[in-house]
Amino acid sequence: MKAAVVLLTLLLALPAYALDKDKISHFCGGAILGLASDTVLYHATDLERPKRMIAATGLAMIPGFAIEVADEFTGTHFSWYDLLADGLGSATGMLAGELINGRLWVKASARQVQLTGRW
């Protein structure tokens, strides 16, 4: 609960113009790739949950990392913030993939929200 309050406070503290379109596109691209990679790994491999989650997030970050390396050589320069947006998007997409594929469930009560499932 404390973490949710901190995240909500950070989101409300940042004005809407603080997030530029480039970071949003990196996040959304990472989320799509995270969802796709988790779904492929879920159906095509025998990886269990922790390994699959790590592999899906890592696979989803590869294109974002490649774009940042290419940016360094084209004059735009490598951006750690873009890579952070890629990573957060990849992790979000991977969690969405776990939820959609039925291996992870959200259990909510008046006091807390938990991710549960078959570990």
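Residues numbered from 1 in each chain as written. Predicted model: local features only at pLDDT ≥ 70, side-chain atom pairs only at ≥ 80, totals over all residues. Heavy atoms only, no water.

What to know about the overall build of the protein chain
Of the regular secondary structure elements, the protein chain holds four helices and two strands. The linear arrangement of helices and strands in the protein chain, starting from the amino end, is α-α-α-α-β-β. Look at the contacts in the protein chain between residues 6 or more apart in sequence, and 56% of them connect residues 24 or more apart. Only carbon and sulfur atoms are counted for the fraction: they give 72% of the accessible area of the protein chain, which is about 8,300 Å². (Helix = DSSP H or I, 4+ residues; strand = E, 2+ residues; numbered from the N terminus. Contact = heavy atoms within 4.5 Å. Areas by Shrake-Rupley, 256 points an atom, 1.4 Å probe, with all protein chains shown as cover.)

Observations regarding unusual backbone geometry
A positive phi angle is found at H77, which is not glycine, with a value near 85°. Structurally, H77 can be placed in the loop between α3 (49-74) and α4 (80-100).

Overview of the pattern of salt bridges
Enumeration according to the criterion identifies six salt bridges in this entry. In this structure, R49 and E98 form a salt bridge, with 3.4 Å as the shortest nitrogen-oxygen distance. Placement of R49 in helix α3 and of E98 in helix α4 is noted, with a sequence separation of 49 residues between them. When its relative accessible area of 1% is taken as the criterion, R49 is described as buried. Residue E98 is classed as buried on the basis of its relative accessible area, which comes to 0%. R52 is the salt-bridge partner of E98, the closest N and O atoms lying 2.9 Å from each other. Of this pair, E98 sits in helix α4 while R52 sits in helix α3, placing them 46 residues apart in sequence. According to the relative accessible area criterion, R52 is buried, its value standing at 2%. (Salt bridge = Lys/Arg side-chain N within 4 Å of Asp/Glu carboxyl O. Buried < 20%, exposed > 50% of the residue type's maximum accessible area, 1.4 Å probe, protein only.)

Things to note about the packing of aromatic side chains
Taken as a whole and assessed by the stated rule, the structure comprises two aromatic pairs. Ring centres of F65 and F78 lie 6.1 Å apart, and the angle between their planes is 75°; this geometry places the pair in the edge-to-face category. Residue F65 is located in helix α3, and its partner F78 is located in the loop between α3 and α4; the two are separated by 13 residues in the primary sequence. Judged by its relative accessible area of 43%, F65 falls in the partly exposed class. Assessed through its relative accessible area of 24%, F78 is described here as partly exposed. Taken together, a centroid distance of 4.9 Å and an interplanar angle of 65° make the contact between F78 and W80 edge-to-face. By the ring-pair criterion, three or more aromatic residues cluster together here, those being F65, F78 and W80. (Phe/Tyr/Trp six-rings, centres within 6.5 Å; stacked < 30°, edge-to-face > 60°.)

What about a nonpolar patch on the surface?
Taken together, F27, Y81, L84 and L88 make up a surface patch of nonpolar side chains, about 430 Å² in accessible area. Ranked by residue count, the leading element in the nonpolar patch is α4, at three residues. Structurally, F27 is set in helix α2 (residues 21-44). Residue classification places F27 among the partly exposed positions, given a relative accessible area of 31%. (Patch = residues over 30% accessible without salt bridge, like charges linked within 9 Å, V, L, I, M, F, W, Y side chains within 5 Å.)

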